[in-house]
Amino acid sequence: MKSVVIEEPGKLVMQERDIPEPAKGEVRVKVKLAGICGSDSHIYHGKNPFAKYPRVIGHEFFGIIDAVGNGVDASRIGQRVAVDPVVSCGHCYPCSVGRPNVCSELQVIGVHRDGGFSQYACAPEQNAYLVPDSISDEFATTIEPFTIAANILSHLKPTAQDIALVYGAGPMGITVIQALKGVYGVKQIIIVDRIPERLTMAKECGADLAIDNSNLSLVDELQKLGIRPTVIVDGACHPTILQEAITIASPAARIGLMGFSSDPCTITQQGITSKELSIFSSRLNSKRFPMVIEWMAEKKINPAKFITHRFDYTQVIDALEVFEKDQKHCCKILLKF
């Protein structure tokens, strides 16, 4: 089989490998489609602190189960499945309180172990979620990125009366906007970014107000408009954002961080406690696949609005270049295997 392998930072090769045999409790998936994520690019360039090399990248993938290991019911062969990349131990403290996404022994498919940019990939049986026929192959491939939105919003618990502000109109921001609008019914959603084309896409996905903060103070602009967000989601993850979010937030607001920067971040405690703000962080997803599959089946979210490019897997270097360099027009890229 062919696999996309990062042998070391900056070196990507198309490698011929033996088709893997599923271990006990595993299924083997014949991969049909996989999505490119920022973390794949980071691993390629040596900027992911968790990755080990060489590594088959890819943690957003969909396919058909074509073999099972010992202990797995053979009736699963032939099932259409989306694979949750979060592999947890099931017995540590985080796992025991329903937080397997921060398991003490966490492994992520495509980061700590080989992933889905391959013609075949193995995963624990419980990580392979049945996808109903009403969900297309392409849409099924986007289940994983929507689980990232589902995870942070499960912490923030938005309601229809909230005023939501989302930093970053990339894939994370777009999925959050769609869920805020289609699932939670939030009436006012503000998107903040510095790329006009992405702001336009965000409005098409449900944002009510788009603000380009390239040359203006967001604090001053919101004050002028009389807006005090009650839910703020940071999908851009620049170290200056958290303090700004604290400043613009309404009293009793909730702030969610979807990622991280290794650079220092300075915040003022008074701004948090004087408003009694709640600040949540989110990593990966905590078994949110069934939730997102239900959203998709009920058409509460629409992946078609953010799938912008499609490539054959043999063109993965070209696809990564488009993903990294064409931020004006590129959001989600799918690779066909």
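Residues numbered from 1 in each chain as written. Predicted model: local features only at pLDDT ≥ 70, side-chain atom pairs only at ≥ 80, totals over all residues. Heavy atoms only, no water.

Novice: Explain the packing of aromatic side chains here, please?
Specialist: Two aromatic rings, taken as a pair, are described by how far apart their centres are and by the angle between their planes. Scanning the entire structure with this criterion turns up six aromatic pairs. Here the aromatic rings of Tyr184 and Trp295 are separated by 6.4 Å at their centres, their planes lie at 80°, and the arrangement is edge-to-face. With Tyr184 in the loop between helix 5 (171–182) and strand 12 (188–193) and Trp295 in helix 10 (residues 289–297), the pair connects residues that are 111 residues apart, well separated along the chain. Note on Tyr184: relative accessible area 23%, which makes it partly exposed. Its relative accessible area of 6% is what places Trp295 among the buried residues. With centroids separated by 4.8 Å and ring planes inclined at 10°, the aromatic side chains of Tyr313 and Phe337 adopt a geometry described as stacked. (Phe/Tyr/Trp six-rings, centres within 6.5 Å; stacked < 30°, edge-to-face > 60°. Helix = DSSP H or I, 4+ residues; strand = E, 2+ residues; numbered from the N terminus. Buried < 20%, exposed > 50% of the residue type's maximum accessible area, 1.4 Å probe, protein only.)

Novice: Help me out: how do you make sense of the sheet that holds strand 1 (residues 2–8) in this one?
Specialist: Sheet strands pair via backbone hydrogen bonds, and the direction of the pair is either parallel or antiparallel. The strand order 2-1-4 describes an open sheet built from three strands, whose pairing is antiparallel. In this open sheet, the two strands that pair with only one neighbour each are strand 2 (11–16) and strand 4 (55–56). In this sheet, strand 2 lies alongside strand 1 in antiparallel orientation, the contact comprising six bridges. Counted as the bridge partner of Val4 is Met14 from strand 2. (Pairing = 2+ DSSP bridges.)

Novice: Could you clarify how one ought to interpret the side chain of Glu144 in this entry?
Specialist: Tracing the backbone shows Glu144 in helix 4 (residues 143–156). With no salt bridge to any partner, buried Glu144 finds its closest opposite charge in Lys332, at an N-O distance of 6.5 Å. Setting aside residues up to four positions removed in sequence, Glu144 forms contacts with His59, Glu60, Pro85 and Phe289. (Lys, Arg positive; Asp, Glu negative; His and termini not counted. Salt bridge = Lys/Arg side-chain N within 4 Å of Asp/Glu carboxyl O. Contact = heavy atoms within 4.5 Å.)

Novice: Help me understand the environment of Arg283 in this model?
Specialist: With respect to the secondary-structure elements, Arg283 resides in the loop between strand 16 (278–281) and helix 10. Along the sequence, Arg283 and Gly259 sit 24 residues apart, while their C-alpha atoms lie 7.1 Å from each other. If near-sequence neighbours (up to four positions away) are discounted, Arg283 is found in contact with Phe50, Asn101, Val102, Leu106, His112 and Asn151.

Novice: Would you mind going over helix 10 with me for this structure?
Specialist: The periodicity of an α-helix, 3.6 residues per turn, causes residues three or four positions apart to be oriented the same way. Within the sequence span of helix 10, burial applies to Phe289, Val292, Ile293, Trp295 and Met296. Summarising the axial view, the buried residues of helix 10 lie within an arc of 160°, below the 170-degree limit, and thus occupy one face. The inward-facing, buried residues of helix 10 abut strand 6 (80–83), strand 10 (128–130), helix 3 (137–141), helix 4 and helix 5. Of the residues trailing helix 10, Lys299 is marked for its positive phi of about 60°. (Arc of directions from axis to C-beta.)

Novice: Sorry, what's going on with the pattern of salt bridges here?
Specialist: Under the counting rule described, the total for this entry stands at 18 salt bridges. For Arg80, the salt bridge identified is with Asp137, shortest N-O distance 2.7 Å. Note that Arg80 is positioned in strand 6 and Asp137 in helix 3, a separation of 57 residues in sequence. The class of Arg80 is buried, set by a relative accessible area of 15%. Exposure remark for Asp137: the relative accessible area of 23% places this residue in the partly exposed category. Glu138 is the salt-bridge partner of Arg310, the closest N and O atoms lying 2.7 Å from each other. Here the residue Arg310 occupies a position in strand 17 (residues 307–312), and Glu138 occupies one in helix 3, the gap between them amounting to 172 residues. Within this structure, Lys32, Arg80, Asp133 and Asp137 form a network of salt bridges that share partners.

Novice: Would you mind showing me how to read the state of the cysteines here?
Specialist: Across all of its chains, the model carries zero disulfides by this definition. Looking at the unpaired Cys92, the closest cysteine sulfur is the one in Cys89, lying at 3.6 Å. Here Cys92 falls in the buried class, since its relative accessible area comes to 10%. Cys330 takes part in no disulfide bond, and the closest cysteine sulfur to it belongs to Cys331, at a distance of 7.1 Å. By relative accessible area, Cys330 is classed as buried at 1%. (Disulfide = S-S within 2.5 Å.)

Novice: Quick question: what am I supposed to make of the sheet that holds strand 12 here?
Specialist: Strand order across the open sheet formed by six strands is 13-12-11-14-15-16, with parallel pairing between neighbours. With partners counted over all chains shown, the strands left at the sheet margins are strand 13 (209–212) and strand 16, one partner each. Averaged over neighbouring strand pairs, the angle between their axes works out to 15° when direction is ignored. Where strand 15 (residues 254–257) meets strand 16, four bridges bridge the pair, whose relative direction is parallel. Residue pairing in the sheet places Leu257 in a bridge with Ser281 of strand 16. Together, strand 11 (163–167), strand 12 and strand 14 (231–234) form the strand contacts of helix 5, whose direction differs from that of strand 11 by roughly 165°. (Axes fitted to C-alpha atoms, helices over the stretch in contact; angles between N-to-C directions.)

Novice: Which parts of the structure should I look at to understand the layout of surface pockets?
Specialist: Remark: the empty space left among the atoms is shown by a probe the size of a water molecule rolled over them. By volume, the second largest pocket amounts to about 210 Å³. Taken together, 15 residues line the second largest pocket, and the ones lying closest to its centre are Val87, Ser88, Gln126, Asn127 and Lys287. Tallied by class, residues from the lining of the second largest pocket come to six nonpolar, five polar and four charged. (1 Å grid on protein atoms, 1.4 Å probe; cavity = no way out; pocket = protein on both sides within 12 Å on 5 of 7 lines; lining within 4 Å. Points joined across faces, edges and corners; volume = space filled by probe spheres on them. Nonpolar A, V, L, I, M, F, W, Y, C, P; charged D, E, K, R; others polar.)

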